[in-house]
Amino acid sequence: MSLRDEAQDQPVRFEPNVREVMRSRALLRDPRFASLCLSHGLALTAQNALLFTLLVVVFKITGNSLTTSVLVLCFILPSIPMGFIVGVVLDRTKKETVLVVTSLVRALGCILFLLFHGEVWTIYLITIGHATAGLFFNPAVISLIPTLVSRDRLVPANSLYNFTLTAAQLAGIVFLAPTIIKTLGADGMFIIAAVMFLSSAALASRLHIVEEGPEPRLPQGPIFGGLPTDFRESWQMLFSDRYSVLALVQLIISSTLVLLFSILIPRYMQDVIGVPPESAAFVFAPTGIGALVGLRFLPWFTKMGKNRVVIIGLTGIAVCLVLLALVEPLAELTEQAPGTDWLALQLRFSLLQGLTMLIAGPMGFCYALLNAPAQTVLHERAPPEMRGRIFATQVVSANFISLLPLLVIGAATDLVKVPAVLVMIAAVVAGVAFLSARVAAREEQEAEERQPRGPPRERQEVGAGGRFTESESGPDPGAGEL
């Protein structure tokens, strides 16, 4: 059975009670879901803080951006050969056990960083092992969400997941790592990250998942013997539906943007704004604030359809990237306005910093509109027995496709100015937004062709784009077909 056929059997309905959806924090009253979110948040915060710390350490040792790109590659390269194994292992083992083991292994990796971070190649080798252990964590968390919450609460659950994801990036990269590096140095950050991973393991050990309903059909036989067959089935099921493919592309763009931004921030701070990279905690704080606000209102935005929300987010990010690239000429124009010097003096930071912060807020807001809607599409359409493989496929695809941009961007920032690189990234993001809009337009056309005649009685959300069709008596038999 394809994803499309399964979606026909279980059509996606839009819950009109927006007020209830907005109260997604009620999900945290479930101790298991709360433990999962907190474990996820601690591990992600430690991971992001560790990445930023290692970027600073490597940049201080070598002094060029290409070596920092190699560091990021060490974080994502293990996912290409190991990602397929991850999915199969997750579908055959207890995911809560996977969370505990991976957190413990990464805590050990932090101790190794503490002891051996004087040489770049040593850092690279430890990073590869640390990243390999971390490959199992996020797919396990994502796969557990549909087990812990009902289908009609997947959107708020995914909003909380992405709230945790964004908050962890904000806390780890923007606040925790720069603050600890300034006060306690890199050694202090390695120790704190180890403690956070141990706490994450303790919380994950409290999860005792018992699935309700019929037991899902799990793959049988040895874990590695059926690896090619298992993943061939998951790829066939995933790519049998264009909306699942589109959601996968949108998630890949989202994760790649985070990696690219982590590489560009140190050089952007130094070359464009003219302040030390450690000041990123202050300058880009509005990015995290905007993202948190966006996630807060995301359930309300989903009334217009999940694909449309992602299109808005992608378009907004492309515009903000162009504005960041033009921040210097914008500052020159703004300086001509009366009272600008007085305002900068009162705020105690430069006009370049102020404009960057002004752009960073909307960019974070738009970024918050990407992950949860696309992730929900995959959750709704992935069979329970294949969730581990499908979400591992998402991670592998994202990391594999991001390899070339990371290498190109890392080298380009040493050859051309950062604003030119930002414009190139904006062009790619705008292209994905255009592709998503084309798919949404095609969906609308197909929905109109299927729309029956007669007085409307029921509203139903169709597909990933979220177009509402109306039927005379009960659901439209073609409404679930995507």
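What counts and how
Residues numbered from 1 in each chain as written. Predicted model: local features only at pLDDT ≥ 70, side-chain atom pairs only at ≥ 80, totals over all residues. Heavy atoms only, no water. Helix = DSSP H or I, 4+ residues; strand = E, 2+ residues; numbered from the N terminus. Buried < 20%, exposed > 50% of the residue type's maximum accessible area, 1.4 Å probe, protein only. Contact = heavy atoms within 4.5 Å. Areas by Shrake-Rupley, 256 points an atom, 1.4 Å probe, with all protein chains shown as cover. Salt bridge = Lys/Arg side-chain N within 4 Å of Asp/Glu carboxyl O. Phe/Tyr/Trp six-rings, centres within 6.5 Å; stacked < 30°, edge-to-face > 60°. Lys NZ or Arg CZ within 6 Å of the ring centre and 35° of its normal. Disulfide = S-S within 2.5 Å. Axes fitted to C-alpha atoms, helices over the stretch in contact; angles between N-to-C directions. Parallel < 35°, antiparallel > 145°, perpendicular 65-115°, else oblique. Left-handed = near helix turned anticlockwise from the far one by under 90°. Nonpolar A, V, L, I, M, F, W, Y, C, P; charged D, E, K, R; others polar. 1 Å grid on protein atoms, 1.4 Å probe; cavity = no way out; pocket = protein on both sides within 12 Å on 5 of 7 lines; lining within 4 Å. Points joined across faces, edges and corners; volume = space filled by probe spheres on them. Patch = residues over 30% accessible without salt bridge, like charges linked within 9 Å, V, L, I, M, F, W, Y side chains within 5 Å. Polar contact = N/O pair within 3.5 Å; in protein donor to acceptor, adjacent residues only side chain to side chain. pLDDT = per-residue confidence, 0-100.

### Focus on the overall build of the protein
When its secondary structure is counted, the protein shows 21 helices and 2 strands. Taken over 482 residues, the protein has a buried fraction of 57%. Contacts in the protein between residues at least 24 apart in sequence constitute 81% of all its contacts with a sequence separation of at least 6. Of the roughly 20,600 Å² of accessible surface on the protein, 65% is carried by carbon and sulfur atoms.

### Remarks on the pattern of salt bridges
For the coordinates displayed, the defined rule picks out 1 salt bridge. Put simply, Asp 271 and Arg 267 hold a salt bridge, and the shortest N to O gap is 3.6 Å. Of the two residues, Asp 271 and Arg 267 are both situated in helix H12 (residues 242-273); the distance of 4 residues between them amounts to about one turn of the helix. On the basis of relative accessible area, Asp 271 is assigned to the partly exposed category, the value being 43%.

### Remarks on the packing of aromatic side chains
Under the definition given, this model contains 3 aromatic pairs. Judged by centre distance (5.8 Å) and plane angle (25°), the ring pair of Phe 113 and Phe 190 falls under stacked. With Phe 113 in helix H6 (residues 95-115) and Phe 190 in helix H10 (residues 185-204), the pair connects residues that are 77 residues apart, well separated along the chain. Residue placement shows Arg 106 over the ring face of Phe 137; its charged tip is 4.8 Å from the ring centre.

### Observations concerning the state of the cysteines
Tallied over the entire structure, the rule returns 0 disulfides. Of the cysteine sulfurs around Cys 366, a residue in no disulfide, the closest is that of Cys 320, at 5.2 Å. With relative accessibility at 12%, the residue Cys 366 sits in the buried group.

### Some points on the packing of H6 against H10
It is at 8 Å that the axes of H6 and H10 come closest, and there the two elements cross at 165°. Classified by the angle between their axes, H6 and H10 sit roughly antiparallel to one another. Once H6 is placed against H10, the crossing between them reads as left-handed. Here H6 contributes Glu 96, Leu 99, Val 100, Ser 103, Leu 104, Arg 106, Ala 107, Cys 110, Ile 111, Phe 113 and Leu 114 to the contact with H10, which in turn contributes Asp 187, Phe 190, Ile 191, Ala 193, Ala 194, Phe 197, Leu 198, Ser 200, Ala 201 and Ala 204. Residue classes in the contact of H6 with H10 are distributed as 16 nonpolar, 2 polar and 3 charged.

### Quick notes on empty space enclosed by the protein
Within this structure, the stated rule accounts for 5 cavities of 30 Å³ or more. In this structure, the second largest cavity occupies an estimated 430 Å³ of space. What lines the second largest cavity is a set of 23 residues, and nearest its centre among them are Gln 169, Leu 257, Val 258, Phe 261 and Thr 287. Elements supplying a minimum of two residues to the lining of the second largest cavity: helix H9 (154-183), H12, helix H14 (285-301), helix H15 (306-325), helix H18 (351-367) and helix H21 (418-450). Here the element with the most residues in the lining of the second largest cavity is H12; it accounts for 7 residues. Across the lining of the second largest cavity, the residue classes tally to 17 nonpolar, 6 polar and no charged.

### Examining a nonpolar patch on the surface
Taken together, the side chains of Leu 108, Ile 111, Leu 112, Leu 115 and Phe 116 define a hydrophobic patch exposed on the protein surface, amounting to about 460 Å² of accessible area. Assignment of secondary structure puts Ile 111 in helix H6. Taking the relative accessible area as the measure of exposure, Ile 111 reaches 36% and is therefore partly exposed.

### Some remarks on the side chain of Thr 53
Its location among the elements puts Thr 53 in helix H3 (residues 31-62). Judged by relative accessible area, Thr 53 falls into the buried class, the value being 0%. In this structure the side chain of Thr 53 is engaged in a polar contact, spanning 2.7 Å, whose partner is the backbone oxygen of Ala 49. Sequence-distant contacts of Thr 53, that is, excluding residues within four places in its chain, are made with Ala 177, Ile 181, Ala 186, Met 189 and Phe 190.

### Considerations on the packing of H12 against H18
Where H12 contacts H18, the two axes come as close as 14 Å, and the packing angle between them is 175°. The angle between the axes of H12 and H18 places the two elements in the roughly antiparallel class. For the pair H12 and H18, contact is made by Ser 254, Val 258, Phe 261, Tyr 268, Val 272 and Ile 273 and by Leu 352, Gln 353, Thr 356, Met 363 and Tyr 367, respectively. The residue inventory of the contact of H12 with H18, partitioned by class, reads 8 nonpolar, 3 polar and no charged.

### Section: the side chain of Thr 45
With respect to the element layout, Thr 45 can be found in helix H3. Note on Thr 45: relative accessible area 12%, which makes it buried. Of the polar contacts made by the side chain of Thr 45, one reaches the backbone oxygen of Gly 41; its length is 2.7 Å. Residues within four places of Thr 45 in sequence aside, it is in contact with Ala 168, Ala 171, Gly 172, Leu 176 and Met 196.

### A closer look at the confidence of the model for the protein
Per-residue pLDDT for the protein has a mean of 75; in total, 73% of the residues score no lower than 70. Here strand S2 (residues 467-471) stands out as the element of the protein with the lowest mean pLDDT, 38, in contrast to H10, whose mean of 94 is the highest. Taken together, the stretch residues 218-225 has pLDDT below 50 and engages in 14 contacts with residues farther than four places along the chain or on a different chain. Below pLDDT 50 for its whole length, residues 457-482 participates in 90 contacts with residues either more than four positions away or in separate chains.

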